[in-house]
Amino acid sequence: MSRSVLFDTETTGFEPLTGDRVIEIAAIELENDLPTGNTFYALLDPERDIPADSTRIHAITNAHVEGKPKFAEVADEMLAFFGESRWSRIMRRSISASSRRSCSASAARPWTRRG
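Structure report, in brief. Just so it is clear, the model here is predicted, and its values are computed rather than measured.

**Concerning the nonpolar core**
With twelve residues, the main nonpolar core is built from Val5, Ile25, Ala27, Phe40, Ala42, Leu44, Val74, Met78, Leu79, Phe81, Phe82 and Met91. Looking at this core, the elements with two or more residues in it are β2 (22–31), β3 (34–43) and α3 (71–82). Looking at which element gives the most residues to this core, the answer is α3, with five residues. Each residue touching Leu44, except ones within four places of it in the same chain, is listed here: Val22, Ile23, Ile25, Val65, Lys68, Pro69, Lys70, Phe71 and Val74. Ile23, Ile50, Ile60 and Val65 belong to the second-largest nonpolar core, a separate cluster that totals five residues.

**Quick word on the packing of aromatic side chains**
Applying the stated rule across the entire model yields three aromatic pairs. Taken together, a centroid distance of 5.5 Å and an interplanar angle of 75° make the contact between Phe7 and Phe82 edge-to-face. With Phe7 in strand β1 (residues 3–11) and Phe82 in helix α3, the pair connects residues that are 75 residues apart, well separated along the chain. Taking the centre distance of 6.2 Å and the plane angle of 35° together, the rings of Phe40 and Phe81 count as tilted. Of this pair, Phe40 sits in strand β3 while Phe81 sits in helix α3, and the two are 41 residues apart along the sequence. For the pair formed by Phe40 and Phe81, the shared burial category is buried. Ring pairing ties together the aromatic residues Phe7, Phe40, Phe81 and Phe82, which thus form one cluster. When the ring centre of Phe81 is taken as origin, the NZ or CZ atom of Arg3, which lies over that ring, is 6.0 Å away.

Criteria and thresholds
Residues numbered from 1 in each chain as written. Predicted model: local features only at pLDDT ≥ 70, side-chain atom pairs only at ≥ 80, totals over all residues. Heavy atoms only, no water. Core = buried A, V, L, I, M, F, W, Y, C linked by side-chain atoms within 4.5 Å. Buried < 20%, exposed > 50% of the residue type's maximum accessible area, 1.4 Å probe, protein only. Helix = DSSP H or I, 4+ residues; strand = E, 2+ residues; numbered from the N terminus. Contact = heavy atoms within 4.5 Å. Phe/Tyr/Trp six-rings, centres within 6.5 Å; stacked < 30°, edge-to-face > 60°. Lys NZ or Arg CZ within 6 Å of the ring centre and 35° of its normal.

As structure tokens, this is what we get:
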């Protein structure tokens with residue numbers, strides 16, 4: 001049996017090093033290329049304004065993400081959905097690097113704690 005996950009993201013822009021963030025993640029699980037019915041979805045507060053140019057592309061506004069969880073709050077659930085795949089390992093490294101840039105407190109990065 002072959003498991004795969006298809007996913008799509010929406011962001012505030014294309015430059016994570018200058019502050020752009022993920023604002024939506026949607027994923028579906030496939031077994032042998034057929035949908036299983038298992039899905040993951042999160043609309044996220046990017047902790048910054050969504051530029052008008054980005055909203056014109058995906059139609060997600062600041063009002064849509066107000067009060068939504070932050071990426072760090074859904075990271076563990078998302079990684080569990082992706083499972084132990086190459087993609088999951090890459091995401092763990094990316095999340096860790098992103099958190100170092102956007103957070104100074106390790107408490108905001110629960111996936112990096114040991115124990």
